[in-house]
Amino acid sequence: QVQLVESGGGLVQPGGSLRLSCVASGSISSIGYMAWHRQAPGKQRESVAGIASDSSSNYVDSVKGRFTISRDNAQSTVYLQMNRVTPDDTAVYYCSMAIRSTFGGPRAYWGTGTQVTGSS
């Protein structure tokens, strides 16, 4: 079995910063693409940022220059550094990873989400 667990969410004042972490555990052979997504109330889930095995990254336009995605392969972890947070960033944030496990794959695994609220 493979599990992804996010942490680091919470309440942050507009203009503030937050760092999200997502750790994968279980019978992991290798991890490829990692990504962060978010879903705001009443809206569809959107992909926020992604990072490939070679550490090349991409971002949705609304977070470019403010958010940074990074990965630690040795720790099976992906991070999302969120700077200059705005109320529009309020959402549940989910991580996903393309994981090859001892049972096969690769396939996408998802975390259960962490709430981020940008508010004073």
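Residues numbered from 1 in each chain as written. Predicted model: local features only at pLDDT ≥ 70, side-chain atom pairs only at ≥ 80, totals over all residues. Heavy atoms only, no water.

Enquirer: What is the right way to look at the side chain of His37 in this model?
Expert: Position of His37 among the secondary structure elements: in strand E4 (residues 28–39). There is a polar contact of 3.0 Å between the side chain of His37 and the side chain of Ser47. Sequence-distant contacts of His37, defined by excluding residues within four places in its chain, comprise Arg45, Glu46, Ser47, Val48, Val92, Tyr93, Tyr94, Cys95, Ser96 and Trp110. (Helix = DSSP H or I, 4+ residues; strand = E, 2+ residues; numbered from the N terminus. Polar contact = N/O pair within 3.5 Å; in protein donor to acceptor, adjacent residues only side chain to side chain. Contact = heavy atoms within 4.5 Å.)

Enquirer: Which parts of the structure should I look at to understand the state of the cysteines?
Expert: What is meant by a disulfide is a covalent connection between two cysteines, made through their sulfur atoms. Overall, the coordinates contain one disulfide when judged by the stated rule. Across the disulfide, Cys22 is cross-linked to Cys95 (sulfur-sulfur distance 1.9 Å). The sign of the 50° torsion about the S-S bond sets the Cys22-Cys95 disulfide as right-handed. Residue Cys22 is located in strand E3 (residues 18–26), and its partner Cys95 is located in strand E9 (residues 91–101); the two are separated by 73 residues in the primary sequence. Accessibility classification places Cys22 together with Cys95 in one group, the buried group. (Disulfide = S-S within 2.5 Å. Buried < 20%, exposed > 50% of the residue type's maximum accessible area, 1.4 Å probe, protein only.)

Enquirer: What am I meant to see in the sheet that holds E3 here?
Expert: Strand pairing within a sheet occurs via backbone hydrogen bonds; the two strands may be parallel or antiparallel. The strand order across the open sheet built from four strands is E1-E3-E8-E7, with neighbouring strands paired in antiparallel fashion. The open sheet has two edge strands with one neighbour each: strand E1 (2–7) and strand E7 (67–72). Looking at each pair of strands side by side, their axes are set apart by 15° on average, direction ignored. Pairing of E1 with E3 involves six bridges; the strand directions are antiparallel. Counterpart to Glu6 in the pairing with E3 is Cys22. (Pairing = 2+ DSSP bridges. Axes fitted to C-alpha atoms, helices over the stretch in contact; angles between N-to-C directions.)

Enquirer: Is there a simple way to explain the nonpolar core in this structure?
Expert: Note on soluble globular proteins: their nonpolar side chains tend to be buried together. The biggest cluster of nonpolar side chains holds 28 residues, and the ones touching the most others in it are Leu4, Trp36, Val78, Leu80, Met82, Tyr93 and Met97. The set of elements that each furnish at least two residues to this core consists of E1, E3, E4, strand E5 (46–51), E7, strand E8 (77–82) and E9. For this core, the leading source of residues is E9, giving five residues. Sequence-distant contacts of Met97, defined by excluding residues within four places in its chain, comprise Leu4, Cys22, Ala24, Ile31, Tyr33, Met34, Ser76, Thr77, Val78, Arg107, Ala108 and Tyr109. (Core = buried A, V, L, I, M, F, W, Y, C linked by side-chain atoms within 4.5 Å.)

Functional significance is not addressed by these values, which are geometric in nature.
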